[in-house]
Amino acid sequence: MLTQLILQGSIGVLVFSSLLLNEDRGGFRIACVVLFVVWLAAGTTYVAQFRALGSWRTLPVHPGEEMLWGTVASRIRPKGGVGLSGQFSMSTQRFRYRPSLVARLRGAPAEEWATESLHSVTVTPGNGRAFASGRWVVVETDTGDPVTLLTGEPRAVAEDIEKALTRAHR
């Protein structure tokens, strides 16, 4: 992601600096300004996503609690629907989901589960709902509905959750 951020930023600066600084563009200058604003918005989104990757390490913890793991993924609701992006993290006491800005605007609440209520972690194919072609990480809970994550690296995420869960249960 960092490579993509640097590459896109460098190309954008090279292209837009020459287009915006040239005074002989007429009506084309307005189009350049609009494209420049879109490029800035996309760049801001990339920076926010890049910062979210490691920000789980700085989440507040209770006394005696230790952060163990975190990632960026989408939360698939138990009743189906679209995946809501956000950040997942696990500490010695709880498993947390913090929705991204877009997910919060769509009404997604932050959620927590006690690590004692979490059990098995599996990787399963989608079940016909949104993103059915992907593989999902499913964390079984005592509370009924499992916690389902959609991520680009489901096996690695499932292994990381399993290791963190084993450590938290000690």
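Overview of the structure. (Residues numbered from 1 in each chain as written. Predicted model: local features only at pLDDT ≥ 70, side-chain atom pairs only at ≥ 80, totals over all residues. Heavy atoms only, no water.)

## Quick word on the pairing of strand S3 (residues 94-99)
The condition that has to hold: Only protein chains enter the accessibility calculation, which uses a 1.4 Å probe; a residue is then buried when its area is under 20% of its type maximum, exposed when over 50%, and partly exposed in between. Only DSSP runs of H or I reaching four residues or more are called helices, and only runs of E reaching two or more are called strands; each is numbered from the N terminus. DSSP bridges decide pairing: two strands pair if at least two such bridges lie between them.
Most of S3 sits inside the fold, with 5 of its 6 residues counted as buried. Connecting the antiparallel pair strand S2 (residues 84-91) and S3 is a turn made up of 2 residues. Where S3 meets strand S4 (residues 111-114), 4 bridges bridge the pair, whose relative direction is antiparallel. Bridging from a neighbouring strand, Arg94 pairs with Ala114 of S4.

## Describing the pattern of salt bridges
If charged atoms from side chains of opposite charge come close, those side chains can pair. Threshold: Salt-bridge detection follows one rule: a side-chain nitrogen of Lys or Arg within 4 Å of a carboxyl oxygen of Asp or Glu.
Overall, the coordinates contain 5 salt bridges when judged by the stated rule. Its salt-bridge partner being Arg77, residue Glu111 comes within 2.9 Å of it at the nearest N-O pair. Highlighted residues: Glu111 in strand S4 and Arg77 in the loop between strand S1 (67-76) and S2, separated in sequence by 34 residues. Residues joined in a network through salt bridges with shared partners are Glu65, Arg94 and Glu112.

## With respect to the side chain of Ser89
Operational definition: Contacts: residue pairs with any heavy atoms within 4.5 Å of one another.
Position of Ser89 relative to the elements: it lies in strand S2. Beyond its immediate chain neighbours, meaning those up to four positions away, Ser89 contacts Trp56, Leu59, Met67, Trp69, Gly70, Arg94, Phe95 and Arg96.

## Describing the sheet that holds S2
Convention followed: Axes here mean lines fitted to C-alpha atoms, for a helix over just the part in contact, with angles spanning 0 to 180 degrees between N-to-C directions.
With antiparallel pairing, 7 strands are arranged side by side in an open sheet as S4-S3-S2-S1-S7-S6-S5. A single partner strand is all that each edge strand has here, and the edge strands are S4 and strand S5 (118-125). Neighbour to neighbour, the strand axes of the sheet diverge by 30° on average, direction disregarded. In the sheet, strand S6 (residues 135-141) pairs with strand S7 (residues 147-150) via 4 bridges, with the strands oriented antiparallel.

## Let's talk about helix H4 (residues 154-169)
Structural remark: α-helix, 3.6 residues per turn; residues separated by three or four positions point the same way. In plain terms, the rule: Every helix has an expected span of 1.5 Å times one less than the residues it contains. An arc is given here, and it is the one of the directions from the helix axis to the C-beta atoms.
Its 16 residues place the ends of H4 22 Å apart at the C-alpha level, agreeing with the 22 Å of an ideal helix rising 1.5 Å per residue. Among the residues making up H4, those that are buried are Pro154, Val157, Ala158, Ile161, Ala164, Leu165 and Ala168. Along the long axis of H4, the arc covered by the buried residues comes to 130°, so they all point the same way. Tucked inside the fold, the buried residues of H4 contact S1, S2, S3, S5, S6 and S7.

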